[in-house]
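Inside the fold
Here is how the chains run, residue by residue.
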Amino acid sequence: MDEDKRHEHGAATRLVAAGRRPEWTGAVVNPPIWRASTHLYPDMAAHAEGPRYNEDGRFFYGRRGAPTQWALSDALTGLEAGAAGTVLYPSGVSAIAGVMLALLAPGDVVMIPDNAYDPSRAMGRGLLTDFGIEPRFYDPLDLTTYTEAFCERTRLVLLEAPGSLTMEVPDIPALARIAREKGALSAMDNTWAGPLGFQALANGVDVVLHALTKHVGGHSDVMMGSASAGEDLYQRLRKRAQSLGLVVSPDDAALALRGLRTLKIRVEQETSSALEVARWLSQRTEVARVLCPMLPGAPGHEVWARDFAGGCGLFSFVLRGGTRASRNRFIDALELFGIGYSWGGFESLATPVDPAPMRDVMAWPPSGLEAGDRYGVRFSIGLEDPADLIADCERAFARMAET
Ligand SMILES: *Cc1c(COP(=O)(O)O)cnc(C)c1O
């Protein structure tokens, strides 16, 4: 599609043909799975030209990707206003690591939100510290301490919305603007809202990354990540990913592309089901607080409504009092929710929320909750009938009350 025109259409329209380039893959609807490491050159003159092929969108060598992967990254670029290109990574975590290793050098400081996805926190303390990069954890809801935390060496700020497990919604445009004023770059993990729910680059963020494993894959059968940026940063990300030898398989790229076609209707259905379940939970005496930004009255709802065009089926809630054992009894009693990591698939999942040991600067439980209201549950609402999910919760609350 004409580069200048692709943002004129609505998201659903763009999802249908995103990444389809006849010059790469001919007239088929879906790009073939182009499984290849090696390109054969007809002669030495062509061989000498080889490295330039890739820049022209011609196959050069498997590590630089092939048309199946190009179609996916082109599709993702087309969904992100302000992006010049998208790098694919073999998982969401490797996208985070790839961005960090592209933009940081020994001696730099990286600011990480205290409520970040836990492997991002662990990357700060592990990989980055090992390479001489200093992580500093900040409270993304407190712009004053955030602003004060910058120093001469602060090179990059990681952003994430909402917070992992506890679902706080920070003011992303303000956090990104302050980072820029301080001369630092910002990179946002936008896995939750995705490109349809939040346009990170248009809101002042420099690099946006997604765990495609979640909603884009959408069917719990592919691991992948991506990072998109404007031209200069995209080139830096691309070069570093190539030097790290990061590639995704064409089979996985085809699965992610298939997921992408139905992203909008799946996320919309999940969101409306999640709101039904969240609203029901908010009426229950067993629940101290529902942490669902899409729910009017829930923490972060106003900032979410101001900045976001959508959400998804992932939210948490905190039980009133109780113990870890009673919370675990609730989860064990659920029949329609799997107990499992990941989210954004077609099936509902439940995981325990115990954020206290993962926080440096943000209090848990947060203000307004009693000290005993500390054990939570995170739901990833799938495509089941919401009435069945609610009945399942009702049964599980009854089981939780038994001793
Ligand atoms: C799952 C997740 C990731 C990591 O993705 P993987 O593909 O599992 O490595 C990154 N960020 C967020 C917010 C996630 O939920």
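Residues numbered from 1 in each chain as written. Predicted model: local features only at pLDDT ≥ 70, side-chain atom pairs only at ≥ 80, totals over all residues. Heavy atoms only, no water.

**Focus on the sheet that holds strand β11 (residues 349–353)**
Taken in spatial order, the five strands of this open sheet run β8-β9-β12-β11-β10, and their pairing is mixed. The open sheet terminates on both sides in strands that have one partner only, identified here as β8 (287–291) and β10 (338–339). Pairing between β10 and β11: two bridges, direction parallel. Opposite Gly 338, over in β11, you have Leu 349 as the bridge partner. Its contacts with the sheet place helix α12 (residues 263–282) against β8, β9 (314–319) and β12 (376–380), and it is angled at close to 10° to β9. (Pairing = 2+ DSSP bridges. Helix = DSSP H or I, 4+ residues; strand = E, 2+ residues; numbered from the N terminus. Contact = heavy atoms within 4.5 Å. Axes fitted to C-alpha atoms, helices over the stretch in contact; angles between N-to-C directions.)

**Focus on the site of the ligand**
Near the ligand, the surroundings consist of 13 residues, among which Gly 92, Val 93, Asp 189, Thr 213 and Lys 214 are the closest. Here the ligand loses 90% of its free accessible area of 380 Å² to cover by the protein chains. For the shell around the ligand, the leading source of residues is helix α5 (residues 92–103), giving three residues. The residue inventory of the shell around the ligand, partitioned by class, reads six nonpolar, four polar and three charged. (Near = heavy atom within 4 Å. Areas by Shrake-Rupley, 256 points an atom, 1.4 Å probe, with all protein chains shown as cover. Nonpolar A, V, L, I, M, F, W, Y, C, P; charged D, E, K, R; others polar.)

**Focus on the environment of Val 157**
Considering the arrangement of structural elements, one finds Val 157 in strand β4 (residues 154–160). Sequence spacing of Val 157 and Leu 175 is 18 residues, and the spatial spacing of their C-alpha atoms is 8.7 Å. Excluding residues that lie within four positions of it along the chain, Val 157 makes contacts with Met 111, Tyr 138, Tyr 146, Phe 150, Ala 179, Leu 185, Ser 186 and Ala 187.

**Observations regarding the packing of α5 against helix α10 (residues 231–243)**
Where α5 contacts α10, the axes come no closer than 9 Å and their chain directions differ by 110°. What the angle tells us is that α5 and α10 run roughly perpendicular. Between α5, through Gly 98, Val 99, Leu 101, Ala 102 and Leu 103, and α10, the contact on the second element is made entirely by Leu 233, Arg 236, Leu 237 and Arg 240. In terms of residue class, the contact of α5 with α10 is built from six nonpolar, one polar and two charged. (Parallel < 35°, antiparallel > 145°, perpendicular 65-115°, else oblique.)

**A look at α12**
For α12, built from 20 residues, the straight-helix expectation of 28 Å at 1.5 Å per residue is met to within 8% by its first-to-last C-alpha distance of 28 Å. Within α12, burial applies to Leu 263, Arg 266, Val 267, Glu 270, Thr 271, Ser 273, Ala 274, Leu 275, Val 277, Ala 278, Trp 280 and Leu 281. (Expected span 1.5 Å × (residues − 1). Buried < 20%, exposed > 50% of the residue type's maximum accessible area, 1.4 Å probe, protein only.)

**What to know about the domain arrangement of the protein**
Segmentation of the protein into domains returns domain 1 (11–261) and domain 2 (263–401). Each partner contributes residues to the interface: domain 1 has 42 residues there, and domain 2 has 36 residues. Between domain 1 and domain 2 lies a buried interface of about 3,300 Å² when both sides are counted; carbon and sulfur atoms form 64% of it. At the junction of domain 1 and domain 2, the tally comes to three salt bridges. Across the pair Asp 360 and Arg 121 runs a salt bridge whose closest N-O atoms are separated by 2.5 Å. Along the contact surface separating domain 1 from domain 2 lie 21 residue pairs in polar contact (both at pLDDT 80 or more). Taken together, the residues that form the side of domain 1 that touches domain 2 break down as 21 nonpolar, twelve polar and nine charged. (Domains from an automatic or database assignment. Buried area = accessible area lost by both parts, 1.4 Å probe. Salt bridge = Lys/Arg side-chain N within 4 Å of Asp/Glu carboxyl O. Polar contact = N/O pair within 3.5 Å; in protein donor to acceptor, adjacent residues only side chain to side chain.)

**Concerning the side chain of Ser 91**
Structurally, Ser 91 is set in the loop between β1 (85–89) and α5. Among the residues examined, Ser 91 registers a relative accessible area of 16% and is labelled buried. Within the structure, the side chain of Ser 91 is placed 3.4 Å from the backbone nitrogen of Val 93, a separation counted as a polar contact. Those residues in contact with Ser 91 that sit more than four places away from it in its chain are Met 223, Met 224 and Gly 225.

**Overview of the packing of helix α4 (residues 67–78) against helix α11 (residues 250–261)**
One way to put it is that α4 packs onto α11 with a least axis distance of 8 Å and a crossing angle of 35°. In this structure, the crossing between α4 and α11 has a hand that is left-handed. Facing α4, whose interface residues are Thr 68, Gln 69, Ala 71, Leu 72, Ala 75 and Leu 76, α11 presents Pro 250, Ala 253, Ala 254, Ala 256, Leu 257 and Leu 260. Split into classes, the residues belonging to the contact of α4 with α11 amount to ten nonpolar, two polar and no charged. (Left-handed = near helix turned anticlockwise from the far one by under 90°.)

**A word on the pattern of salt bridges**
Going through the model one piece at a time under the given rule, you end up with 21 salt bridges. For Arg 21, the salt bridge is made with Glu 23, and the minimal N-O distance between the two is 2.9 Å. The exposure class of Arg 21 is buried, given its relative accessible area of 18%. Here Glu 268 and Lys 264 are joined by a salt bridge, their closest N and O atoms 2.9 Å apart.

**A word on the nonpolar core**
Phe 315, Phe 317, Phe 330 and Phe 379 are the most contacted members of the largest nonpolar core, which has 82 residues in total. Among the nonpolar cores identified, the runner-up in size contains 29 residues, and Leu 101, Leu 128, Val 207 and Ala 229 belong to it. (Core = buried A, V, L, I, M, F, W, Y, C linked by side-chain atoms within 4.5 Å.)

**Examining the sheet that holds strand β2 (residues 109–113)**
Paired through their backbone hydrogen bonds, the strands of a sheet run either parallel or antiparallel. In spatial order, the strands read β1-β7-β6-β5-β4-β2-β3; together these seven strands make up an open sheet with mixed pairing. Across the chains shown, the open sheet's two edge strands, defined by having one partner strand only, are β1 and β3 (134–138). Each strand of the sheet is rotated relative to its neighbour by a mean of 20°, with strand direction disregarded. Pairing of strand β6 (residues 207–211) with strand β7 (residues 225–229) involves five bridges; the strand directions are antiparallel. In the strand pairing of β7, Ala 211 is matched with Gly 225. In this fold helix α6 (residues 118–130) packs onto β2, β3 and β4, with an angle of close to 160° to the strand it touches most, β3. Packing against the sheet, α10 makes contact with β1, β5 (185–189), β6 and β7, and its axis sits at approximately 25° to β1.

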